[in-house]
Amino acid sequence: GQDVNKDLSILIAEKMVQLVDMNSQVVWQCVECGKQWPKKSKCQRHVETHIVGASVQCTLCQKIFKNRPCLDAHMLQRHKGERDIDIYGKFQNFKSDDNFFGCN
């Protein structure tokens, strides 16, 4: 439940750093592969794909996914239209905004 999500959040935070790039812009960088994003949330979403063995469960159908981006993709595909669903200890609406890391 929430303890697993808290542990996952700690692992995510350990795999990213905040830097200032060559243009004096604040960016977030993945310590695993060096990719950078101006938004912390985009970096968090990415670094989770590097965490082996982490998993999250859909609270609606109990299906297990390898990471939260995959769970997000599932929510869009299987539970679209169900709003304000609590999946990581916070409520959110589901909308597509980018690639979901090849989750099936």
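Further up the page is the structure itself.
Residues numbered from 1 in each chain as written. Predicted model: local features only at pLDDT ≥ 70, side-chain atom pairs only at ≥ 80, totals over all residues. Heavy atoms only, no water.

A. Broad picture of the overall build of the protein chain. In terms of regular secondary structure, the protein chain is built from 3 helices and 7 strands. Along its sequence from the N terminus, the protein chain presents helices and strands in the succession α-β-β-β-α-β-β-α-β-β. Taking all 104 residues of the protein chain together, the buried fraction comes to 37%. Pairs at least 24 apart in sequence give 32% of the contacts found in the protein chain among residues at least 6 apart. (Helix = DSSP H or I, 4+ residues; strand = E, 2+ residues; numbered from the N terminus. Buried < 20%, exposed > 50% of the residue type's maximum accessible area, 1.4 Å probe, protein only. Contact = heavy atoms within 4.5 Å.)

B. Representation of the pairing of strand 1 (residues 16-20). Where strand 1 meets strand 2 (residues 26-30), 5 bridges bridge the pair, whose relative direction is antiparallel. Each bridged residue has a counterpart across the sheet, and for Leu 19 the counterpart in strand 2 is Val 27. Counting the residues between successive antiparallel strands, the hairpin from strand 1 to strand 2 contains 5 residues, one of them, Ser 24, with a positive phi of roughly 65°. (Pairing = 2+ DSSP bridges.)

C. A look at the environment of Gln 25. As for its position among the elements, Gln 25 is in the loop between strand 1 and strand 2. Of the residues examined, Gln 25 reaches a relative accessible area of 49% and is grouped as partly exposed. Those residues in contact with Gln 25, other than ones at most four positions away along the chain, are Leu 19 and Val 20.

D. Representation of the pattern of salt bridges in the model. What the rule picks out here adds up to 3 salt bridges. Among the salt bridges present, the one from Glu 48 reaches Arg 68, with a minimum N-O distance of 3.1 Å. Taken as a pair, Glu 48 in the loop between helix 2 (40-47) and strand 4 (56-57) and Arg 68 in helix 3 (residues 68-78) lie far apart in primary sequence, 20 residues in all. The exposure classification of Glu 48 matches that of Arg 68, with both residues buried. (Salt bridge = Lys/Arg side-chain N within 4 Å of Asp/Glu carboxyl O.)

E. Up close: helix 3. Counting buried positions along helix 3 yields 9 of 11 residues, so the element is predominantly enclosed. Considered for burial, the residues of helix 3 that qualify are Arg 68, Pro 69, Cys 70, Leu 71, Asp 72, Ala 73, His 74, Met 75 and Leu 76. Two to three positions downstream of the cap, the backbone nitrogen of Cys 70 sits 2.9 Å from a side-chain oxygen, assigning the N-cap of helix 3 to Asn 67. (Polar contact = N/O pair within 3.5 Å; in protein donor to acceptor, adjacent residues only side chain to side chain.)

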